[in-house]
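So you can see what is in the structure, the chains are spelled out below.
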Amino acid sequence: MDQGLIAAQHINRLLCRDAISVGDMLGLQSQFLRYSKYAAKVRGIDLDTDPGKYFRAWTLRGTMHIHALDDYPLYMHAGNRSAYMKEYWDDYSVISPESKAKAEDRMLRLIEAGIIKRKDIVRSFLESGTPKATMDYLFNAWGGLPRILMERGEIIQTVSDDLSYAFAPKVPVMAAEQAEREQMKRYLENYAPCSVSDAVYFFRYAKSKAKRLMEKCVSGSSGMLTWKDGFVYKDPEAVCDPKATNAIFVLPGFDPLLLGYEKKENAMIPPEHLREVYNLQGIIKPVILHKGQCIATWTVRKNTAYIKPFQADNKAACERAKKQILELTQCDGCRYE
């Protein structure tokens, strides 16, 4: 079976659907908010139209994602608190338990009073005379106090350019096993064909856990999901059409399609160009796709988009991508590098 051809068909199916939701994609990785908004936009979703429908939290892969607020119980499920944050908050070498409790209460009262931006919350703590060592602990780069309150189900981070918070919805959360199975079901239904290695990469599960969840989803799918040649397919997508599309697609960095499959096995990525897309610093670059294959990377600097083709003969196809990049980014121009 030609995995490259399957990838081409798969790309078209996922990017040309009439309707796709943030829930279908199991959220959007959002360390770089601009990229997540681009990923939504290429699928016809405008996160800025109604930002109150979404929230941000550390959920999948140990990274921050944007999810639909309706899916809050699914992603902030029971037992979702990270081991790192528990160990961090249980360390009393810098701040006593009493001081932590006061800091938690203070931040919640500030949000209740309408002080929701991180910078304003930090300013309030500073103005109250909080020592620098305490500030460095409470508001560190890994989330600190806000993340603790998020993982406890007290607050959410909003989808806004100014890092802000709101109170979390008061709804029952799912049991971990139920939530993990539902997430895997959505993954298989929206990303298939995918292998156990793909699921391991996407969720960062142990291989045995990923395989067990996949088997449960397939067996409970009433034939909609099937195993074939080591992949789970969503029928009738296992049929291989020899006429691959000639379409051009532009994807932002950290796009769900670049995160949804094990990078070394991803049929969209030419092996010789793997490090040009997934670099050693953990960055996943924006790409141009032609016939299901990555043919170039692109970036934005000072309101100008720059395209870097993998091969000289990719340039004609890249020309067709320029309009999409400009519409997506609202840059003034597009050049090659």
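The following refers to the structure shown. (Residues numbered from 1 in each chain as written. Predicted model: local features only at pLDDT ≥ 70, side-chain atom pairs only at ≥ 80, totals over all residues. Heavy atoms only, no water.)

1. Side note on the environment of A206
(1) Moving on: Within the secondary structure, A206 sits in the loop between α10 (196–203) and α11 (207–219).
(2) Moving on: For A206 and V196, which are 10 residues apart along the polypeptide, the C-alpha to C-alpha distance reads 9.9 Å. (Helix = DSSP H or I, 4+ residues; strand = E, 2+ residues; numbered from the N terminus.)

2. Details of helix α2 (residues 33–41)
(1) Moving on: Burial analysis of α2 places 7 of its 9 residues in the buried class, which makes it a mostly covered element.
(2) Moving on: L33, Y35, S36, K37, Y38, A39 and A40 are the residues of α2 that are buried.
(3) Moving on: Contact partners of the buried residues in α2: β1 (28–29), β2 (54–58), β3 (64–68), α12 (256–259), β11 (293–301) and α14 (315–329). (Buried < 20%, exposed > 50% of the residue type's maximum accessible area, 1.4 Å probe, protein only. Contact = heavy atoms within 4.5 Å.)

3. A short note on the sheet that holds strand β9 (residues 248–251)
(1) Moving on: Here 5 strands make up an open sheet; going across it, the order is β9-β10-β11-β12-β13 and the pairing mixed. For this open sheet the edge positions go to β9 and β13 (333–336), each flanked by a neighbour on one side alone. Averaged over all neighbouring strand pairs, the angle between strand axes comes to 25°, with direction disregarded.
(2) Moving on: In terms of strand pairing, β9 meets strand β10 (residues 287–290) through 4 bridges, oriented antiparallel. (Pairing = 2+ DSSP bridges. Axes fitted to C-alpha atoms, helices over the stretch in contact; angles between N-to-C directions.)

4. Some thoughts on the packing of aromatic side chains
(1) Moving on: For the coordinates displayed, the defined rule picks out 19 aromatic pairs.
(2) Moving on: Considering the side-chain rings of Y187 and F202, the 4.8 Å spacing of their centres and the 25° angle between planes classify their relative orientation as stacked. One end of the pair, Y187, is in helix α9 (residues 176–191); the other, F202, is in helix α10, and 15 residues separate them in sequence.
(3) Moving on: In this structure Y187 comes out as buried when scored by relative accessible area, which is 0%.
(4) Moving on: Ring pairing ties together the aromatic residues Y187, Y191, F202, F203, Y205 and Y261, which thus form one cluster.
(5) Moving on: A cation over a ring is seen here: R61 above Y201, with NZ or CZ 4.8 Å from the ring centre.
(6) Moving on: For R106, the ring lying beneath its charged end belongs to F125, and the centroid distance is 5.2 Å. (Phe/Tyr/Trp six-rings, centres within 6.5 Å; stacked < 30°, edge-to-face > 60°. Lys NZ or Arg CZ within 6 Å of the ring centre and 35° of its normal.)

5. So, the sheet that holds strand β7 (residues 225–228)
(1) Moving on: The antiparallel open sheet is built from 3 strands, whose spatial order is β6-β8-β7. The open sheet has two free edges, formed respectively by β6 (194–195) and β7, since each of these has just one partner strand.
(2) Moving on: When β6 meets strand β8 (residues 231–234), the two strands line up antiparallel, connected through 2 bridges. Residue pairing across strands places S195 opposite F231, the latter belonging to β8.
(3) Moving on: Each of β6, β7 and β8 touches α11; the most contacted strand, β7, lies at about 125° to it.

6. Some thoughts on the pattern of salt bridges
Oppositely charged side chains are able to pair whenever their charged atoms sit close together.
(1) Moving on: All chains considered together, the criterion is met by 18 salt bridges.
(2) Moving on: Between E104 and R152 there is a salt bridge, with its nearest N and O atoms 2.9 Å apart. Residue E104 is located in helix α5 (residues 97–112), and its partner R152 is located in the loop between α8 (144–151) and β4 (155–157); the two are separated by 48 residues in the primary sequence.
(3) Moving on: Here E104 falls in the buried class, since its relative accessible area comes to 13%. (Salt bridge = Lys/Arg side-chain N within 4 Å of Asp/Glu carboxyl O.)

7. What about the side chain of H67?
(1) Moving on: Inspection of the secondary structure puts H67 in strand β3.
(2) Moving on: A polar atom in the side chain of H67 sits 2.7 Å from the side chain of T59.
(3) Moving on: Every residue in contact with H67, bar those within four places of it in the chain, is listed here: V22, L26, G27, K53, Y54, F55, T59, L60 and Y75. (Polar contact = N/O pair within 3.5 Å; in protein donor to acceptor, adjacent residues only side chain to side chain.)

8. Details of the packing of α9 against α11
(1) Moving on: Two numbers describe how α9 lies on α11: the axes approach to 9 Å, and their chain directions differ by 75°. The pairing of α9 with α11 is recorded here as roughly perpendicular in orientation. Contacts from E177, E180, R181, M184, K185 and L188 of α9 reach α11 at K209, A210, L213, M214, K216 and C217.
(2) Moving on: Along the lines of polarity and charge, the residues of the contact of α9 with α11 split into 6 nonpolar, no polar and 6 charged. (Parallel < 35°, antiparallel > 145°, perpendicular 65-115°, else oblique. Nonpolar A, V, L, I, M, F, W, Y, C, P; charged D, E, K, R; others polar.)

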